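A closer look at the structure
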Amino acid sequence: ICLSKRIIRNAAIVITLIIFSMGIAYYIYRYNIDKSWDEYWQRSRTDAVGRPLSASKKTSLPLFQTIPSALNLPSPHRVISVHSSQATSWAGSGNPISYMDQNEINIMVQRGVKELTGELSSEAAWRKIIPYQPGNSVAIKVNFNNVWGFAANPSMNAYPALVNAVIDGLKSIGVPSEKIWITDPSRTANDAFRNAITDKQVLYFTKYSAQQIGTKPNVFHTGYVQDGSIYSTQADRGDGVLQWINPAEVFVNANHIINIPQLKGHGGASITLGIKNHFGSVDFTEFASGQSPLHTYFYSGTAYPGKNLLVDISDNPVFRDKTRLIIGDGLMGHPRSNYTDPVLWKAFGNNP
């Protein structure tokens, strides 16, 4: 009996020591990790904008860069989801634009920006997102992928109700209408969209020529910067040949960018959301041959399936350093197609 008690006591001491040692080890581990991240974020806040961030040699932190303006938020990688069953009454047929509740969508955007920033008022939230100064311009990148002219197109394109809500937010902090630029440089804003935008003084920028634009009010041409511009960047297409990534002039001239992609499927790119939405924001040429590769560099089964230039687009300083907000438009969506009408959401009981 005494021997058993001694064994139990010794075992208890050993177990206690093991647990204590594990606790000390975990504390040291957590201290080093937390200290490393604190040092990392301190460096990221003090480095010059646009300068690549590198991890300390003492840590194994990944090499990556975040949108500099995101460091002003409570968390630089914060994602907010806002849902309202009242946003639209669309039942699966007809043009979705006709079924949206503008007031409800305004409230959704106000909720989103306040939760994103931690501010109590919508105006304060927008001021935190956009460091606006008089004379600044804000480019709103929307998705007009299915617009091939000025005629109405019911397929999934940018929805004006969401853009109206964003315009209201910008005007609440003093951005004048003529400094709000709506664009998808490789396409154009169709008449139905522009007619549904409540502020008739905002500007639109398109690849269309002045002759093609005609008398459309407040619609202007935008080109792309040329190879070798100070705003261009290069990326290896996957075989050592460099690729010029040339931003549209509208983004070069803007002070701030708001990216509004749509939640919809897209063959080779899987989905059209945050990164894919800037595909039309740039022009590509190969440094070696002067060709225009377009989809070749992210579709699987093509010449260079191992190289995806979509990330390189977002890392171009014009987009990285000017992007203030990304709003994923999930008012409508499609799990597989990017060029057909939307479908109802299974996630919300087969409702919009």
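Now for a look at the structure at hand.

Calculation rules
Residues numbered from 1 in each chain as written. Predicted model: local features only at pLDDT ≥ 70, side-chain atom pairs only at ≥ 80, totals over all residues. Heavy atoms only, no water. Helix = DSSP H or I, 4+ residues; strand = E, 2+ residues; numbered from the N terminus. Buried < 20%, exposed > 50% of the residue type's maximum accessible area, 1.4 Å probe, protein only. Contact = heavy atoms within 4.5 Å. Areas by Shrake-Rupley, 256 points an atom, 1.4 Å probe, with all protein chains shown as cover. 1 Å grid on protein atoms, 1.4 Å probe; cavity = no way out; pocket = protein on both sides within 12 Å on 5 of 7 lines; lining within 4 Å. Points joined across faces, edges and corners; volume = space filled by probe spheres on them. Nonpolar A, V, L, I, M, F, W, Y, C, P; charged D, E, K, R; others polar. Phe/Tyr/Trp six-rings, centres within 6.5 Å; stacked < 30°, edge-to-face > 60°. Lys NZ or Arg CZ within 6 Å of the ring centre and 35° of its normal. Pairing = 2+ DSSP bridges. Axes fitted to C-alpha atoms, helices over the stretch in contact; angles between N-to-C directions. Salt bridge = Lys/Arg side-chain N within 4 Å of Asp/Glu carboxyl O. Core = buried A, V, L, I, M, F, W, Y, C linked by side-chain atoms within 4.5 Å. Lys, Arg positive; Asp, Glu negative; His and termini not counted.

Observations regarding the overall build of the protein
Along the protein, the regular secondary structure elements total nine helices and 12 strands. In the protein, which comprises 352 residues, the share counted as buried stands at 43%. Of all intrachain contacts in the protein linking residues separated by at least 6 positions in sequence, the fraction that spans at least 24 positions is 64%. With an accessible surface of roughly 18300 Å², the protein has 56% of that area assigned to carbon and sulfur atoms.

A closer look at empty space enclosed by the protein
Scanning all chains against the criterion turns up four cavities of 30 Å³ or more. Considered as a void within the structure, the largest cavity measures approximately 80 Å³ in volume. Around the largest cavity, the lining residues are N95, I97, N153, P154, S155, N157, A158, Y159, N190, A192 and F193. Its residues placed into classes, the lining of the largest cavity shows six nonpolar, five polar and no charged. One number sums up the size of the second largest cavity: a volume of about 50 Å³. Around the second largest cavity, the lining residues are S69, A70, N72, L73, K128, I129, P131 and R324. For the lining of the second largest cavity, the class distribution of residues is four nonpolar, two polar and two charged.

Overview of the packing of aromatic side chains
Under the counting rule described, the total for this entry stands at seven aromatic pairs. Chaining the aromatic ring pairs together yields one cluster made of W181, F205 and F220. Looking at R187, its charged tip hangs above the ring of W148, at a distance of 3.9 Å from the centre.

Describing the sheet that holds strand 7 (residues 256-259)
Reading across from one edge, 4-3-2-1-7-11 is the order of the six strands in this open sheet, with parallel pairing throughout. Unpaired on one side and paired on the other, strand 4 (219-221) and strand 11 (323-326) mark the two borders of the sheet. Averaged over all pairs of adjacent strands, the angle between strand axes in this sheet comes to 25°, irrespective of strand direction.

Quick word on the sheet that holds strand 6 (residues 242-247)
Strand order across the open sheet formed by three strands is 5-6-10, with antiparallel pairing between neighbours. Among the strands making up the open sheet, the edge pair consists of strand 5 (233-236) and strand 10 (282-286). On average, adjacent strands in this sheet sit at an angle of 30° to one another, irrespective of strand direction. Of the strand pairs in this sheet, strand 5 and strand 6 are connected by four bridges, and their pairing is antiparallel. Note on strand 6: the bridge partner recorded for T233 is I245.

A closer look at the pattern of salt bridges
Opposite charge on two side chains lets them pair, provided their charged atoms get close. Under the definition given, this model contains eight salt bridges. The closest approach of N and O atoms between E123 and R127, which form a salt bridge, is 3.1 Å. Of this pair, E123 and R127 both sit in helix 3 (residues 122-129), separated by four residues, roughly a single helical turn. According to the relative accessible area criterion, R127 is partly exposed, its value standing at 46%.

As for the nonpolar core
Grouped together as the largest cluster of nonpolar side chains are 48 residues, with contacts concentrated most on W126, I140, L170, I182, F193 and I258. Elements that contribute at least two residues to this core include exactly helix 2 (102-117), helix 3, strand 1 (138-141), helix 4 (160-172), strand 2 (180-183) and strand 12 (329-334). At seven residues, the largest contribution of residues to this core is made by helix 4. Apart from the residues within four sequence positions on either side, F193 is in contact with F144, A158, Y159, P160, V163, I182 and Y204. Counting residues in hydrophobic clusters, the runner-up holds 22 residues, among them F205, A235, F279 and F319.

So, the side chain of R187
With respect to the element layout, R187 can be found in the loop between strand 2 and helix 5 (191-196). Buried within the structure, R187 lacks any salt-bridge partner; its nearest side chain of opposite charge belongs to D184, at an N-O separation of 5.9 Å. Among all residues touching R187, those that are not within four sequence positions of it are F144, N145, V147, W148, T206 and K207.

Nothing here speaks to function; it is all geometry.
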